[in-house]
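One letter stands for each residue in the lines below.
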Amino acid sequence: IPQLVVANHNSSNGMVTFNWTASSDLHSGVKGYDLQLSPDPEFQSKPINYTTGVTPRFTASVPYDGKWYARVRAFDYVNNKGLFSSLYGKQIDVTPPQFTFLKPNGTIINSPTLVVKTSEQAVCTYDGLPFFYTNSTYHEAKPSLSEGSYSLLISCKDNAGLVNQTNIVFNYTT
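Description of the structure in this document. Computed from a predicted structure; not experimentally measured.

## What to know about the state of the cysteines
With the rule as written, the count across this model stands at one disulfide. Between the sulfur of Cys124 and that of Cys156 lies a disulfide, 2.1 Å long from S to S. Between Cys124 and Cys156 the disulfide shows an S-S torsion of about 110°. By sign, it is right-handed. Of this pair, Cys124 sits in strand β10 (residues 114–126) while Cys156 sits in strand β13 (residues 148–158), and the two are 32 residues apart along the sequence.

## Brief notes about the side chain of Asp40
For Asp40, the location among the structural elements is in the loop between β3 (30–38) and β4 (48–52). One buried charged side chain, Asp40, makes no salt bridge at all; its nearest oppositely charged neighbour is Arg71, positioned 9.0 Å away. Setting aside anything within four residues of it in sequence, one finds Asp40 in contact with Ser45 and Tyr69.

## So, the packing of aromatic side chains
On inspection of all chains with the given rule, the structure shows seven aromatic pairs. With a centroid separation of 5.7 Å and 80° between ring planes, the pair formed by Phe99 and Phe101 is classed as edge-to-face. Here Phe99 falls in the buried class, since its relative accessible area comes to 15%. Both rings, one in Tyr150 and one in Phe170, keep their centres 5.8 Å apart while their planes meet at 20°; by these two values the pair is stacked. Of the two residues, Tyr150 sits in strand β13 while Phe170 sits in strand β14 (residues 163–173), which places them 20 residues apart along the sequence. Above the plane of the ring of Phe43 lies Arg71, whose end atom (NZ or CZ) is 4.0 Å from the centre. The lysine or arginine in question, Lys81, covers the ring of Phe75, its NZ or CZ lying 5.0 Å from the ring centre.

So, how was this worked out
Along every chain, residues carry numbers that run from 1 in the direction the sequence is written. Residues qualify for local features only when their pLDDT is at least 70, as the model is predicted, and side-chain atom pairs are given and counted only at 80 or more; totals for whole chains, interfaces and linings, by contrast, use all residues. In computing side-chain properties, one takes all heavy atoms of the structure into account and sets aside hydrogens as well as water. When two cysteine sulfur atoms are found within 2.5 Å, that pair is recorded as a disulfide. Secondary structure elements are taken from DSSP: a helix is a run of H or I of four residues or more, a strand is a run of E of two residues or more, and numbering for both begins at the N terminus. Any residue under 20% of the maximum accessible area for its type is buried, any over 50% is exposed, and the rest in between are partly exposed; the area is computed with a 1.4 Å probe on protein chains only. Working convention for charge: Lys and Arg count positive, Asp and Glu count negative, and His plus the chain ends are omitted. When a carboxyl oxygen of Asp or Glu lies within 4 Å of a side-chain nitrogen of Lys or Arg, that pair is called a salt bridge. Note on contacts: a residue pair qualifies if any of its non-hydrogen atoms lie within 4.5 Å across the two residues. Centres within 6.5 Å are what make two rings of Phe, Tyr or Trp a pair, Trp counting through its six-membered ring; a difference in plane orientation under 30 degrees is then read as stacked, over 60 as edge-to-face, and the rest as tilted. The rule for a charge over a ring is simple: NZ of Lys or CZ of Arg within 6 Å of the ring centre, and within 35 degrees of the ring normal.

Quick look at the structure:
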């Protein structure tokens, strides 16, 4: 019976790689594996099924963030199917943090303040410089700017290592 050993739980494109121990069949040989994924640990609600080759690794599409369960079984050249592995459950993140700008909005008077709100815990930077308050869902920075027009690259990285970035354009007047 194969056992799932490691999965890469983070993906910027919805693809997650699963690894498991190899099985053996002394009579007809292992032809491949069936990998099942489901957000339901009982696999009652339409699991996602993949049939792989003999390599004990497969990169599967996971459609959305959340707790996902996986199990794998081997099958041989005469189509005998083995037992499924132990259940493997893991929180999988396939979505980078989404964010909205709370400040600035258009022309800024006095001291410029950047405020970003993210959809999940993240660490944010502006033009590669860290926000002085970050590593949560609220991020604040007070860059030292001269009067003028600016386009700053805001980049936020979640705990899974997924990154979202965009430019904010504004004018600063004293």
